[in-house]
Amino acid sequence: MNLLKEFKAFALKGNVLDLAIGVIIGSAFGKIVSSLVSDIIMPLIGLLIGGVDLSGLKTTLGDATITYGIFLQTVVDFLIVSFSIFMFIRTLNRFKRKEEAKPDEPPAPSKEEVLLTEIRDLLKQQNEAGRS
């Protein structure tokens, strides 16, 4: 039973739940980006380089077929995903910096601090009066 309680405490921590949600959203986002790359960007790149379908690029060495076009498409997919994540994190960091830049108001002095300040000021006045 102790093991079950420990696992429950671990699984319900905020960080673990946030990570799980991030993985789910990330995989869905990855599918969207993969579709963007394969269905929109790669055909446009193919048009720019003379109507070549990059996903169909391949070469044969002996009995082995090397499909380097699919690799190129995967590299473009990775670059777009990583750039998108970079832009998202960059935006979040800007919001965090703005929140951190707001100065907090100092807390009101306690009764003891007010009393000590009054005593200090009275001692200064007595000291100055004694010198005159």
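Residues numbered from 1 in each chain as written. Predicted model: local features only at pLDDT ≥ 70, side-chain atom pairs only at ≥ 80, totals over all residues. Heavy atoms only, no water.

Attention now goes to the UniProt feature "transmembrane region" (unreviewed entry) in the protein chain. The sites that UniProt annotates as "transmembrane region" (unreviewed entry) are residues 21-50 and 70-89. Helix makes up 93% of residues 21-50 and strand 0%, and the two end C-alpha atoms of the span are 42 Å apart. In residues 70-89, the share of helix is 100% and the share of strand is 0%. The end C-alpha atoms are 28 Å apart. (UniProt positions renumbered as here; feature names shortened; annotations may be inferred. Helix = DSSP H or I, 4+ residues; strand = E, 2+ residues; numbered from the N terminus.)

Quick look at helix H4 (residues 111-131) now. Owing to its 3.6 residues per turn, the α-helix brings residues three or four apart onto one side. In this model, H4 (21 residues) spans 31 Å end to end at C-alpha, consistent with the 30 Å of a helix rising 1.5 Å per residue. Where burial is concerned, little of H4 is hidden: zero out of the 21 residues are buried. (Expected span 1.5 Å × (residues − 1). Buried < 20%, exposed > 50% of the residue type's maximum accessible area, 1.4 Å probe, protein only.)

Another aspect to go through is the pattern of salt bridges. Going through the model one piece at a time under the given rule, you end up with one salt bridge. Between Arg-120 and Asp-121 there is a salt bridge; the shortest N-O distance is 3.2 Å. You can call Arg-120 partly exposed: its relative accessible area is 43%. (Salt bridge = Lys/Arg side-chain N within 4 Å of Asp/Glu carboxyl O.)

The subject of this paragraph is the layout of surface pockets. Think of a ball as big as a water molecule: rolled over the atoms, this probe shows where empty space is left. By volume, the largest pocket is sized at about 340 Å³. Along its surface, the largest pocket is lined by Gly-22, Ile-25, Gly-26, Phe-29, Gly-30, Ser-34, Asp-77, Val-81, Ser-84, Ile-85, Phe-88 and Ile-89. Every element with two or more residues in the lining of the largest pocket is listed here: helix H2 (14-48) and helix H3 (68-101). In the lining of the largest pocket, the residues fall into six nonpolar, five polar and one charged. (1 Å grid on protein atoms, 1.4 Å probe; cavity = no way out; pocket = protein on both sides within 12 Å on 5 of 7 lines; lining within 4 Å. Points joined across faces, edges and corners; volume = space filled by probe spheres on them. Nonpolar A, V, L, I, M, F, W, Y, C, P; charged D, E, K, R; others polar.)

Take a nonpolar patch on the surface next. Residues Leu-61, Ile-66, Tyr-68, Phe-71, Leu-72, Val-75, Phe-78 and Leu-79 make up a contiguous nonpolar surface patch of roughly 770 Å² in combined accessible area. Looking at which element gives the most residues to the nonpolar patch, the answer is H3, with six residues. Positionally, Leu-72 belongs in helix H3. The class of Leu-72 is partly exposed, set by a relative accessible area of 35%. (Patch = residues over 30% accessible without salt bridge, like charges linked within 9 Å, V, L, I, M, F, W, Y side chains within 5 Å. Areas by Shrake-Rupley, 256 points an atom, 1.4 Å probe, with all protein chains shown as cover.)

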